[in-house]
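# Coordinate inspection notes
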Amino acid sequence: ELDPARLMATHSAVGDDTPRPDPDDPQAIRRIGVIGGGTAGYLTALALQHKRPWLEVSLVESPGIPIIGVGESTVPFLLTFLHHFLEIDADELYRRVRPTWKTGINFEWGPHPDGFRCAFDWSAESVGLLGAMDATGNITGSTLGSALIARDRAAVFEVDGKPVSLLKYLPFAYHLDNKPFVEFLTDLAKRRGVKHVPATVADVVTSGPEWVDHLVTTDGQQLEFDLFVDCTGFRSLLLEKALGTPFVSFGSSLFTDRAVTGNVAHHGHIKPYTDVITMNAGWNWGIPTPDSDHRGYVYSSDFLSDDEAAAEMAKRYPGISEPKVVRFRSGRHEKAWRGNVVGIGNAYAFTEPLESSGLVMAADAIWSLLATLPASWSSAPGRDLFNSALNQRWDQVRWLITSHYKFNTRLDTPFWRAVRADADVSGFQPILDMFAECAPLSRRSGTLQAMLNRVSPTTFELYGMDNILFGMQVPTKRLVPAGEPLSRWRARRQAADALAAAAMPTADAIAAYADHPELNHGLLNDDDSWAGHRVARMMGMR
Ligand code: FAD
């Protein structure tokens, strides 16, 4: 029988095309050295070992050089990556890492005194963006997820004394406390057969402009691998230092370069979202962990000293723990993969963390590597494809985050004046021009949307851009007609509010999931779940 949907499909799941090494091939890729034991290193090692069990995967990490130690807020993709691509047991992850749930972001951003709430279910149009803008001038409450954020509730309900969950229908992400998460991954990698090499690399010995021959460690070991994955964080020991790969700075778009972090007591009140709060020279994140809120002020050292940043945080959050300063740079290297070296994580690229891009982009690089890594160096045609695809994704993240900065009119400090005047957002100019003409973009003609997606592909698609730009009250000349009377939107809004008001506080909902593991099993298995097996297969995760 002819299925018209199939005829029009852009891609379909195919069989296993993973190449296996020939036993007689002297150039076969068998020994992999992942250098660096942060999140990027461990996720890479686990993926290579899991998806290509015939490889010998070693993870080299310095006992003396700490991991970055931040990176708690994620996006829904990571949940499917962990539980489907890597097949990490969810019960164990909950026990060991104690993730909390992120329905979306609470933005204290833009001119509206209440800011705006942006939830991951933005494409569902469950309540309606146009009605929200028309009736309230604010996107908050335009989806069920956003109504839940506004009510400070998770999508779990108590019905006849039993928990009933709607999380299968509402994409959400994890907040992951970096330290227990990396400890858990370390243990898992050992159990799954990754060889752990605790050693500090002192020298990288090359045998050509794009080829690493071996590493020398401070304790005199000589480490030889066929493929070296550079996960050494901002040090970028192999990709940048040894091979001299140029760094492409995003500094003309993103002006921040430091964060001062600390913890604030939350007395058991776990919020269902990440806070993003405008500050004098940047913004601060609020990420709920089970024991406290983790906060970090991302700022520009051209406009604020470390002491001034810490003082601004202490004033806003009395009792915040001792400040810790983290330095970073936004940008990517010209290429992630050169010769037998691939950079993943901060060693290759990083943008400031406003849209939680670190872990998801590492995951994206890992599954892209697995799709292109050959069995032998005698043929490596995937390198250029990998580099182009990753560079393009990182450039999208650059324009996405800069769009947030460029239109944030909340404060009139020297930093925000400079950002609004000078931040380069040129990569998204077609999107911004079309939004200024008529919005929402996700309701414009299919042809126009396809054209925008071709010239300015966006990480969160046009729905995401609509939410961000409407959230910040970026002007548009014309709205696409809603096509319904406002009374129908009001009825949906009332229903969503009533549902949100009846939902559980997040701490209780997480406890209910622990007591009823069948809820999480349904989320990760059922065919009607956004995180279930069917969707995972469609995404190529299984
Ligand atoms: P690192 O964690 O720095 O690990 C580097 C590893 O390399 C360490 O194990 C170290 O021992 C090893 N190493 C270094 N040199 C040597 C050597 N010579 N020999 C041997 N080993 C060596 N991401 C998100 O997804 N969400 C967020 O909310 C988020 N917030 C962030 C906030 C800030 C301020 C920053 C800076 C980053 C944030 N990130 C976030 C990004 C995230 O933290 C990182 O992308 C992620 O943790 C990956 O780090 P990494 O593994 O690349 O590097």
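Residues numbered from 1 in each chain as written. Predicted model: local features only at pLDDT ≥ 70, side-chain atom pairs only at ≥ 80, totals over all residues.

## So, the site of the ligand
Our working definition: Being near a molecule or strand means, for a residue, that its backbone-placed C-beta atom lies within 6 Å of it. Put simply, DSSP marks the helices as runs of H or I at least four residues long and the strands as runs of E at least two long, and each gets a number from the N terminus on. Just so you know the grouping, Ala, Val, Leu, Ile, Met, Phe, Trp, Tyr, Cys and Pro go in nonpolar, Asp, Glu, Lys and Arg go in charged, and all remaining residues, Gly too, go in polar. As annotated, the domain borders come from an automatic or database domain assignment.
Every one of the 37 residues lining the ligand counts as a neighbour, but Gly38, Gly71, Gly233, Gly345 and Gly358 are closest to it. Breaking the shell around the ligand down by element, the ones donating at least two residues are helix H2 (39–51), strand S2 (56–61) and helix H10 (357–372). Residues of the shell around the ligand, tallied by class, amount to 17 nonpolar, 17 polar and three charged. In this structure, the shell around the ligand is formed jointly by two domains, domain 1 (29–90 + 177–250 + 332–391) and domain 2 (100–157 + 253–330 + 400–487), each of which donates at least three residues.

## Some details on the environment of Gly483
Here Gly483 lies in the loop between helix H15 (461–471) and helix H16 (486–502). Expressed as a C-alpha distance, the spacing of Gly483 and Glu308, which sit 175 residues apart in the sequence, is 51 Å.

## Section: the pairing of strand S13 (residues 227–230)
For the record, the criterion: Put plainly, a residue is buried at 20 or more neighbouring C-beta atoms within 10 Å of its own, exposed at 12 or fewer, and partly exposed in between, counting only other residues' C-beta atoms, which are placed from the backbone. Strand pairing is assigned whenever DSSP identifies at least 2 bridges connecting the two strands.
Burial along S13 is two-sided: Leu227 and Val229 facing one way and Phe228 and Asp230 facing the other are all buried. With four bridges joining them, strand S1 (residues 31–35) and S13 adopt parallel strand pairing. Across the sheet, residue Ile35 finds its bridge partner in S13, namely Asp230.

## A word on unusual backbone geometry
It is generally the case that most residues other than glycine have a negative phi and that most peptide bonds are trans. Note that the residue after Ala439, namely Pro440, is joined by a cis bond; omega there is 0°. A positive phi angle is found at Asp152, which is not glycine, with a value near 65°. Within the fold, Asp152 resides in the loop between helix H6 (144–151) and strand S6 (156–159). Classification of Asp152 as partly exposed rests on a count of 16 C-beta atoms within 10 Å. Of note in this structure, Glu461 is not a glycine but carries a positive phi near 60°. Within the element layout of this structure, Glu461 appears in helix H15.

## Looking at the nonpolar core
In plain terms, the rule: Linking buried Ala, Val, Leu, Ile, Met, Phe, Trp, Tyr and Cys residues through C-beta atoms within 7 Å yields a set, and such a set is a nonpolar core. By definition, residues are in contact whenever their C-beta atoms, placed on the basis of the backbone, come within 7 Å of each other.
Of all hydrophobic cores here, the largest spans 147 residues; its most connected members are Leu46, Leu78 and Ile344. Composition of this core by domain shows at least three residues from each of domain 1 (29–90 + 177–250 + 332–391) and domain 2 (100–157 + 253–330 + 400–487). Once residues within four sequence positions are removed from consideration, Leu46 is found in contact with Leu86, Leu185, Leu188, Ala189, Arg192 and Val194.

## Some points on the domain arrangement of the protein
According to the domain assignment, the protein consists of domain 1 (29–90 + 177–250 + 332–391) and domain 2 (100–157 + 253–330 + 400–487). Centre-to-centre, using C-alpha coordinates, domain 1 lies 30 Å away from domain 2. Taken together, the contacts link 15 residues of domain 1 with 22 residues of domain 2. Considered class by class, the residues forming the side of domain 1 that touches domain 2 number eight nonpolar, three polar and four charged.

## A few points about the sheet that holds strand S4 (residues 104–108)
This is how it is decided: Note on geometry: axes are C-alpha line fits, over the in-contact stretch for helices, and angles between N-to-C directions span 0 to 180 degrees.
An order of S5-S4-S16-S17-S18-S15-S19 is seen for the seven strands of this open sheet, with the pairing classed as mixed. The sheet is open, and its two borders are formed by strand S5 (116–119) and strand S19 (324–327), each paired with just one other strand. Averaged over neighbouring strand pairs, the angle between their axes works out to 20° when direction is ignored. Pairing between strand S15 (residues 258–265) and strand S18 (residues 292–299): eight bridges, direction antiparallel. Residue pairing across strands places Ala259 opposite Val298, the latter belonging to S18. Running over the sheet, helix H9 (residues 306–316) touches S15, strand S16 (274–279), strand S17 (282–288), S18 and S19 and is turned about 25° from S15.

## Considering the environment of Ala281
Relative to the assigned elements, Ala281 resides in the loop between S16 and S17. With 26 C-beta atoms packed within 10 Å, Ala281 lands in the buried category. A C-alpha to C-alpha distance of 35 Å links Ala281 and Val342, two positions 61 residues apart in sequence. Not counting chain neighbours up to four residues away, the residues in contact with Ala281 comprise Tyr299, Ser300, Phe303, Leu304, Thr413 and Phe415.

## Considerations on the packing of helix H4 (residues 90–97) against helix H7 (residues 178–191)
When two helices pack together, their arrangement is given by the angle between the helix axes and the distance between those axes. Put simply, the test is: Our angle categories are set so that under 35 degrees counts as roughly parallel, over 145 as roughly antiparallel, 65 to 115 as roughly perpendicular, and the remainder as oblique. In a left-handed crossing the near helix is turned counterclockwise from the far helix by less than a right angle, and in a right-handed crossing that turn is clockwise.
Contact geometry of H4 with H7 gives a least axis separation of 9 Å together with a crossing angle of 135°. One way to sum up the angle between H4 and H7 is to call them oblique. In the crossing of H4 with H7, the sense of the turn from one axis to the other is right-handed. For the pair H4 and H7, contact is made by Leu93, Arg96 and Val97 and by Pro180, Phe181 and Phe184, respectively. Looking at the contact of H4 with H7 residue by residue, the class counts come to five nonpolar, no polar and one charged.

## Regarding the packing of H2 against H7
Orientation of H2 relative to H7, taken along the N-to-C sense of each, is 30°, at an axis distance of 10 Å. One element, H2, and the other, H7, form an angle in the roughly parallel class. For the element pair H2 and H7, the recorded crossing hand is left-handed. Seen from H2, the contacting residues are Thr39, Tyr42, Leu43, Ala45 and Leu46; seen from H7, they are Phe181, Val182, Leu185, Thr186, Leu188 and Ala189. Here the residues of the contact of H2 with H7 are counted per class, giving nine nonpolar, two polar and no charged.

## Thoughts on the environment of Ala496
With respect to the helices, strands and loops of the structure, Ala496 is situated in helix H16. Here Ala496 falls in the buried class, since 23 other C-beta atoms lie within 10 Å of it. Put simply, Ala496 and Gly145 are 351 residues apart on the chain and 9.0 Å apart in space, counted from C-alpha to C-alpha.

## Some words on the sheet that holds strand S20 (residues 331–333)
What the three strands build is an open sheet, ordered S14-S20-S23; its pairing is antiparallel. The sheet is open, and its two edges are formed by strand S14 (247–249) and strand S23 (349–350), each paired on a single side.

## Description of the confidence of the model for the protein
Which entries qualify depends on this criterion: pLDDT is a residue-level measure of predictor confidence that goes from 0 to 100.
Per-residue confidence for the protein gives a mean pLDDT of 95, with 97% of residues at or over 70. For this predicted complex, the interface confidence score (ipTM) comes to 0.99, while the overall pTM stands at 0.96.

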